[in-house]
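Notes for the structure review
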Protein chains: 2
Amino acid sequence: MRFVKGHGTENDFVVLPDPDGRLELPDDAVRRICDRRSGLGADGVLRVVPAALVEDGARYAEEARWFMDYRNADGSIAEMCGNGVRVYARYLVESGLSRPGRLRLATRGGVKVVDVEHDGDVVVDMGLAVVGEDVPVDGEKATAVDMGNPHAVLAVPSVEALGVLGPDRKDLNVEYVEEVGPAHVRMRVHERGVGETRSCGTGACAAVVATVLRTGDERDRPYAVDVPGGRLTVTWRSDGHVLLAGPAVLVASGELSAAWLERP
Amino acid sequence: MRFVKGHGTENDFVVLPDPDGRLELPDDAVRRICDRRSGLGADGVLRVVPAALVEDGARYAEEARWFMDYRNADGSIAEMCGNGVRVYARYLVESGLSRPGRLRLATRGGVKVVDVEHDGDVVVDMGLAVVGEDVPVDGEKATAVDMGNPHAVLAVPSVEALGVLGPDRKDLNVEYVEEVGPAHVRMRVHERGVGETRSCGTGACAAVVATVLRTGDERDRPYAVDVPGGRLTVTWRSDGHVLLAGPAVLVASGELSAAWLERP
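Model, not experiment: these values are computed from the prediction.

Some words on the interface of chain B and chain A
- Taken together, the contact pairs 23 residues of chain B with 23 residues of chain A.
- Here chain B and chain A share an interface that buries about 1900 Å² over both sides, 50% of which is from carbon and sulfur atoms.
- It is B:Arg36, B:Arg37 and B:Val251 in chain B that bury the most area against chain A; as a group they hold 34% of the surface buried on that side.
- Our enumeration of links across chain B and chain A arrives at 2 salt bridges.
- Between B:Asp43 and A:Arg37 there is a salt bridge, with the nearest N and O atoms lying 2.7 Å from each other.
- The tally of links from chain B across to chain A stands at 9 residue pairs in polar contact (both at pLDDT 80 or more).
- Looking at the side of chain B that touches chain A, the elements with two or more residues in it are strand S1 (2-8) and strand S18 (249-256) of chain B.
- If one sorts the elements of the side of chain B that touches chain A by residue count, S18(B) sits on top with 8 residues.

Quick notes on the confidence of the model for chain A
- On average, chain A scores 95 in pLDDT, and the residues at 70 or more come to 100%.
- Taken over the whole predicted complex, pTM reads 0.92, whereas the ipTM for its chain interfaces reads 0.90.

Some points on the packing of aromatic side chains
Residues and elements named next belong to chain A.
- Summed over the entire model, instances satisfying the criterion amount to 2 aromatic pairs over all chains.
- Plain terms: the ring middles of Phe13 and Tyr70 are 6.0 Å apart, the flat faces sit at 65° to each other, and that makes the pair edge-to-face. In this pair, Phe13 sits in strand S2 (residues 11-17) while Tyr70 sits in strand S4 (residues 66-72), placing the two residues 57 residues apart along the sequence.
- Take Tyr70: its relative accessible area is 6%, and that puts it in the buried class.
- Across from the ring centre of Trp236, 3.5 Å away, lies the NZ or CZ of Arg219, which sits over that ring.

Points about the relation of the copies chain B and chain A
- Expressed as a screw operation, the relation of chain B to chain A combines 0.0 Å of axial shift with a rotation of 180°, fitting to an RMSD of 0.0 Å. Expressed as a symmetry operation, the mapping of one chain copy onto the other fits a two-fold axis. If distances are taken from each C-alpha of chain B to the rotation axis, the shortest is found for B:Gly254, at 1.8 Å.
- Taken together, the interface assignments show that 100% of the residues at the interface of chain B recur at the interface of chain A, consistent with an identical surface on both copies.

Looking at the domain arrangement of chain A
Residues and elements named next belong to chain A.
- Split into domains, chain A comes out as domain 1 (2-120 + 248-262) and domain 2 (128-246).
- The distance between the C-alpha centroids of domain 1 and domain 2 comes to 25 Å.
- Facing 7 residues of domain 1, the contacting portion of domain 2 comprises 11 residues.
- Taken together, the two surfaces of domain 1 and domain 2 that pack against each other cover about 680 Å², and 47% of this comes from carbon and sulfur.
- When the buried area of domain 1 at its contact with domain 2 is split by residue, Thr9, Glu10 and Arg86 rank highest and sum to 65% of it.
- Here Arg198 ties to Glu10 by a salt bridge, and the two come within 2.6 Å at their closest N and O atoms.
- For the pair domain 1 and domain 2, the interface holds 4 residue pairs in polar contact (both at pLDDT 80 or more).
- Classifying every residue of the side of domain 1 that touches domain 2 gives 1 nonpolar, 4 polar and 2 charged.

Cut-offs and rules
- Residues numbered from 1 in each chain as written.
- Chains lettered and ligands numbered in written order.
- Predicted model: local features only at pLDDT ≥ 70, side-chain atom pairs only at ≥ 80, totals over all residues.
- Heavy atoms only, no water.
- Contact = heavy atoms within 4.5 Å.
- Buried area = accessible area lost by both parts, 1.4 Å probe.
- Salt bridge = Lys/Arg side-chain N within 4 Å of Asp/Glu carboxyl O.
- Polar contact = N/O pair within 3.5 Å; in protein donor to acceptor, adjacent residues only side chain to side chain.
- Helix = DSSP H or I, 4+ residues; strand = E, 2+ residues; numbered from the N terminus.
- pLDDT = per-residue confidence, 0-100.
- Phe/Tyr/Trp six-rings, centres within 6.5 Å; stacked < 30°, edge-to-face > 60°.
- Buried < 20%, exposed > 50% of the residue type's maximum accessible area, 1.4 Å probe, protein only.
- Lys NZ or Arg CZ within 6 Å of the ring centre and 35° of its normal.
- Least-squares fit on C-alpha atoms with pLDDT ≥ 70 in both.
- Domains from an automatic or database assignment.
- Nonpolar A, V, L, I, M, F, W, Y, C, P; charged D, E, K, R; others polar.

Here's what the structure looks like:
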């Protein structure tokens, strides 16, 4: 089984090319591949398969050639991943499966428009941000932003001073956001079911939407979002769409050992 | 740069073949390769280089063809690693650089004799165990065993009941050992400078030496040592040498991206 290992702001993935849609990938295989000691190690697996060849992708096959079959490290299925889709797009271009430029990629969260070259940031249209009513988190009012998954954003004076993150809401992704300058924030995120992570693409989008609302800043302005794993750039457009730009780095490529894969 | 990823009882390594002794491997490259999010991820790097071609190995070149240049994930140099040497030996055999059977491998801790086939446990002669005077750990008397590095072994009724490990001695590797049956122990280990790990080869050796001394059991008897990362087998021979046997698994092989390696 061929693989590529890559990361986007230190959210890391094993990419598995499956151009013929023949790869069997049971939950257990995903867990073994993602194990950071006994496997290759990653936050998740990105299977690269033609949309026409998978049940969840067939309806998008007319507009998008490739489907992102994203699995979490525990084997479960996820709709979308803002960091993963960048690594996926960079792989398509570096492997020659797609030309650089604007790609349309099918995901379980719909078709995503991605701008990708051989180098530099990859830009993903993450779709509409839906702002809800404020929600209470840790005794404060947090801004509720839905990016396909639910976020609650709290403005704080310093993300460094927070210490270990442990919000009292476990059903939401919680972003703590510190303004460090014009159109520049720092963010730490506590992902539901996971804990603190080094980066969260949808979380960065939610953080900028909440900051623009809070400060009354103009739309269409690119915000730098510093996360522990690097820097993302987020633009909340006037039409309501959120653009997420960030690095996508391919680290290594090779083959998983057949003997290791077969061992139960 | 070619690589192989493997592990021994979940102590994991990136193996870097360097048959011509030309690989430049500064500390910073080791740290980047071993980073579990932005790199390939491992506890350490094992450079496979002819003994005759490296300063630390040249004096062993007559008796050992290959030198194990072991680096910790932080880039520092280490003398030996009981789990790493098994993975190293398995790689030599699987890659065709050595024939299966008995190998002599040069390390910074001297020449090691290793028995390795294509499958099954790899057996390493870890050399002499030196037993010292008891040392106080957590208010108890621990057995001091030097295996090239210093260990203190405590017998406990249950390793599971211990909770988070935090011995009051930070200058020693501390093993907590539970007897579960004849010639069968469970072990948890707190490695100095690291914290609890999933396995420690020299620690398993020290644990069996201390248990044999404590119970008055006979020498030359293979002990099963269950660690969080799997099972090791340790034999304290009548001649004082300790044999460590355990799995060595090669998971994947490939190439590190040249563009990624060049990026500072």
